[in-house]
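If you want the building blocks of each chain, they are given just below.
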Amino acid sequence: MPSKAEELTGRFAHTKHYNEKPDEPFLIGELEGLVAVLGAATPDEFIPGLTYVFYGTWKEHGTYGRQFQFSSFTLQQPADETAVCTYLSRAPGIGRAISRKLWGLYGVKAVDMAKDPDKLRAEFNVPAERASACAAWLVEQERTQQTMLALTQLFAGHNLPRDLPRILITQWGAEAPKLVSENPFRLVDFPNVGFKKADAIWEALDKPKDSMIRGVHCATYAVKSANDGSTWYPRGLVYGETRGHLGTEKLEATECIEQAVEQGLLDVYVHNGEPWYAEARKAKSERDLAVRSIEVHNSLDDDIGIPDYDRLAWPDVSTIPGLTDHQREQLGVALSGPIGILTGGPGVGKTYTVAQLVKSILANGSGGLGVSAPTGKAGVRAAEALKAEGVEDVRPTTMHVKLAFNGSGFDHGRGNPLPFQFHVLDEQSMVTTDLENSYMQSVREGAHVLLVLDPHQLPPVGHGKPALDFIKWGIPCGVLSEPLRSSGRIVKCCLDIRQRKQFSSSRELDLEAGENLFMTEAGNTQRALADLEYWLDQSRQMGLNLTEDVQVIAPMNERGDLCVERMNEWLQHRLNKSDPWGDWRFKVGDKVVCTRNGKYERLDGGLGEDETYVANGEQGIVEELRDKMAAVRMPYPERLVKFTKGSPIELAWCITCHKSQGSEWPVTIVMFDPAYSRGGTAEWVTTAVSRAKLFCIGVGKKSTAQKWVRRTGLFKRKTFLREQMTEFNNFQWSEQRDRREKGG
């Protein structure tokens, strides 16, 4: 149970220090009387001269002495001349002069008097419209402050997001404290709250542990917290986890699970007589994808599909020039239906084959062609391949851009389909069930879809494995398996891993001989960093740009000596000699990565756009820094994007393997950190080493990598996409049979 927060009331004097961090800015302020307060806030949230109530705890700092570390705060009703005048002058229609007159006449009651528009008009000659606006603003401010105070006291000591009270007030108004007090689990769907924090508030309010309201959320959390990428979980696991979260014998876990299903929080799927459970949202996404994929798959069937006049088929592969017999054969398999799949590892000509297909579609008068990928860099790779083949009329984008991401969802969908007759979707191994479903819902009737992927790379960060389920169900799948004659050690390594063999690395780096995968055999952190510095220097001597041409990849964000966070500090110090700027953690010239999909202000006005979509994983270079703004040059497509303090961007000198997926660099340096012993898999190694176009250096023990390739994580994900595709396919054919019988 969280400790009860202390209160500190004081007049804010000024901000002493402000350090922006992603999603959690940090401020040190000073109150009158030289009292230091520190916590998650921005300078804009405080007005010097006004009094605030802070909730938190006193801490003793070894250098700076006693400080009050707050978790939340609220504005106190002003009660002296300075505070009242400062407060009133912020109201619409009242300036400093009228504020001082109000204080002179009414003292501490000045704020109450200003809520009367008639008095403002009669005594201070304030125009009627301005007087009414001022009164309404003050009434609303008072109501908001009272609500904010109630929420702040309710949340004190629970480490909830600092902007949560404002979000709740916007959504629920003055009823917010009452609604939360009645049922704290109403908070679980708000960002960064979740079951545990809501449950702590439930306990702090002395609500019964054996309430079914709580039991339902214990069952839901049992499924939500099992975040291994599966969509469905077996009854035994859900039952056991639910019992553990309940912490009481007065409630039966089975009943809690059944109630969660009844209330629409969980869904159930019975397979071979056994129930499996999923979050209702994820279950619906999988079910909708199953239905839509079968609709597309059957769309050209004479009995089920659409009329002839809407049909426009894939090109005849025999007419596509430049392909080998093997490529033509496997592409033909993939294009044997309206939805198909083309797979293959690195070095088998997957991208080249797709480029020839795109050329042929365009030459035939396509009826519309869309080329998409999950990330910006993957889209750029597709664009480069097309350009090399003389195709510049198609602009590959992210799937989010194609679907027109609007901040909370997509503009395109079943009711507003995309205009393309042909869709080519690259890097589909990293696409979640949710995103695949959103895209398939936007495919218009009669359109054709080709998914392109390497099935042996990392699985999606979210739930499901839709591309693999499509393959296993029987969606037509061509497999490119003949390595090109120019394939090097990287390609051979990936082939060995796919065949569950121990891979071999190069004895020495020899690019002309195809020996382009070298392991350093570093046995400790000091040696690993020395090896990394050596290979950075070697890359520089080869004429490579260490910012754009070389990418360091590490397994973990925060844990271990070779984690992304520590490596970024180490690399920034060595690779960017620019001076620090203010309290930014970035410097001009830093390589950064966006960590959340979203729309951001565009500074260069390209294409007449005020905003631009930036995908999670897109990298850029910091071009300019100001007090509250970083201008980042994003190259895919090129645009100058404004990020503010608190925006989701991080240093990208070193990134995780998941962040690298869908991208390529001339050189990658992969840190095989033994601290990642439980997470290393064959898919991780395949993805990491295949990001390099020229050569890859593995820093660490080869035995560590060999241990990882013996494990696979992709096929352990539990989904029922295939089963539901079969069910709907059978349903469609059953309906057709019934229609025939009735017609006969």
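Our structure is the block above this text.
This report concerns the structure included in the present document. (Residues numbered from 1 in each chain as written. Predicted model: local features only at pLDDT ≥ 70, side-chain atom pairs only at ≥ 80, totals over all residues. Heavy atoms only, no water.)

## Focus on empty space enclosed by the protein
Selection criterion: Lining residues are defined by having an atom within 4 Å of a point belonging to a cavity or pocket. Those points lie on a 1 Å grid over the protein atoms alone, cavities being sets where a 1.4 Å probe fits but cannot get out and pockets being open sets with protein on both sides within 12 Å along at least five of seven lines. Grid points are joined across faces, edges and corners, and a volume is the space filled by probe spheres set on the points. Comment: elements are numbered from the N terminus, with helices defined as DSSP H or I runs of at least four residues and strands as E runs of at least two.
Considering all chains together, one arrives at five cavities of 30 Å³ or more under this definition. Taken as a whole, the largest cavity encloses approximately 100 Å³ of empty space. Residue lining of the largest cavity: Lys 350, Thr 351, Val 354, Ala 355, Val 371, Ala 382, Ala 385, Leu 386, Val 424, Asp 426 and Val 452, and that is the complete set. When contributions to the lining of the largest cavity are tallied by element, the ones reaching two or more residues are α14 (350–363) and α15 (376–388). Of all the elements, α14 adds the most residues to the lining of the largest cavity, at four residues.

## Describing the packing of helix α10 (residues 235–246) against helix α11 (residues 253–262)
Convention followed: With axes taken as lines fitted to C-alpha atoms, and helix axes fitted only over the stretch in contact, angles between N-to-C directions fall between 0 and 180 degrees. Any angle that is under 35 degrees is reported as roughly parallel, and any over 145 degrees as roughly antiparallel; angles of 65 to 115 degrees are reported as roughly perpendicular and all others as oblique. Contacts are assigned to residue pairs that have any heavy atoms within 4.5 Å of one another. By the convention adopted, Pro, Cys, Tyr, Trp, Phe, Met, Ile, Leu, Val and Ala count as nonpolar, Lys, Arg, Asp and Glu as charged, and the other residues, Gly among them, as polar.
Between α10 and α11, whose axes approach to 9 Å, the crossing angle comes to 105°. One way to sum up the angle between α10 and α11 is to call them roughly perpendicular. Contacts between α10 and α11 involve Arg 235, Val 238, Tyr 239, Thr 242, Arg 243 and Leu 246 on the former and, on the latter, Ala 253, Thr 254, Cys 256 and Ile 257. Its residues placed into classes, the contact of α10 with α11 shows six nonpolar, two polar and two charged.

## Description of the state of the cysteines
Rules: Defined by distance alone, a disulfide is two cysteine sulfur atoms within 2.5 Å. Exposure is judged per residue with a 1.4 Å probe applied to protein chains only, and the accessible area is read against the type maximum: over 50% gives exposed, under 20% gives buried, and values in between give partly exposed.
If you walk through the whole model with that rule in mind, you get zero disulfides. Cys 477 carries a free sulfur, and the closest cysteine sulfur to it, the one in Cys 494, is 18 Å from it. Residue classification places Cys 477 among the buried residues on the basis of a relative accessible area of 19%. Cysteine Cys 594 shares no disulfide, and the gap to the nearest cysteine sulfur, in Cys 654, comes to 18 Å.

## Let's talk about the pattern of salt bridges
Our working rule: Salt bridge criterion: a side-chain nitrogen from Lys or Arg within 4 Å of a carboxyl oxygen from Asp or Glu.
This model, assessed by the stated rule, comprises 35 salt bridges. Shared partners join several salt bridges into a network, and the residues in it are Arg 602, Asp 604, Glu 623, Arg 633 and Glu 638.

## A short note on the packing of aromatic side chains
Inclusion rule: Whether two aromatic rings pair depends on their centres lying within 6.5 Å, for rings of Phe, Tyr and Trp, where Trp uses its six-membered ring; planes under 30 degrees apart make the pair stacked, over 60 edge-to-face, and the rest tilted. The criterion for a charge sitting over a ring is simple: Lys NZ or Arg CZ within 6 Å of the ring centre, and within 35 degrees of the ring normal.
Within this structure, the stated rule accounts for 33 aromatic pairs. Directly above the ring of Trp 58 sits Arg 66, whose terminal nitrogen or CZ lies 4.0 Å from the centroid.

## Describing unusual backbone geometry
The phi torsion at Leu 34 lies on the positive side, around 65°, for a residue other than glycine. Mapped onto the elements of the fold, Leu 34 is located in the loop between β2 (26–31) and β3 (35–39). The exposed category is assigned to Leu 34, whose relative accessible area is 68%. For Arg 500, which is not glycine, the phi torsion reads 60° and is therefore positive. Examined against the element boundaries, Arg 500 turns out to sit in the loop between α19 (489–498) and β15 (517–519).

## Some words on a negative patch on the surface
The line we're drawing: To count toward a patch, a residue needs a relative accessible area over 30% and no salt bridge; like charges are then connected within 9 Å, while nonpolar side chains (Val, Leu, Ile, Met, Phe, Trp, Tyr) are connected within 5 Å. We get accessible surface area from the Shrake-Rupley algorithm with a probe of 1.4 Å; when it comes to residues, only the shown protein chains can shield them. Under the convention used here, Asp and Glu are negative, Lys and Arg are positive, and both His and the chain ends fall outside the count. Charge placement uses NZ in Lys and CZ in Arg. For Asp and Glu, CG and CD serve respectively.
Side chains of Glu 558, Glu 565, Glu 569 and Glu 650 sit close together on the surface and give a patch of like negative charge. Its place among the elements puts Glu 565 in helix α21 (residues 564–575).

## Brief notes about the environment of Thr 520
Quick note on the threshold: Polar contact is the term for a pair of N or O atoms within 3.5 Å; when the atoms are in protein, one must be able to donate a hydrogen and the other to accept it, and sequence-neighboring residues count only if both atoms are side-chain atoms.
In this fold, Thr 520 is placed in the loop between β15 and α20 (525–541). In sequence terms Thr 520 and Asn 597 are 77 residues apart; their C-alpha atoms lie 36 Å from each other. The residues touching Thr 520, leaving out its near neighbours within four places in the chain, are Arg 527, Asp 531, Trp 535, Ile 697, Gly 698, Val 699 and Gly 700. A polar side-chain atom of Thr 520 sits 3.1 Å from a polar atom in the side chain of Asp 531.

## Side note on the sheet that holds strand β1 (residues 6–19)
By definition, the strands of a sheet pair up through backbone hydrogen bonds, in either a parallel or an antiparallel sense. Rules: Here a strand pair is declared whenever DSSP counts at least two bridges between the two strands.
Taken in spatial order, the five strands of this closed barrel run β1-β2-β3-β5-β4, and their pairing is mixed. Neighbour to neighbour, the strand axes of the sheet diverge by 50° on average, direction disregarded. Helix-sheet contacts for helix α5 (residues 128–155) involve β1, β4 (51–61) and β5 (65–75), and the interaxial angle to β5 is about 130°.

Purely spatial values, then, with no claim about function.
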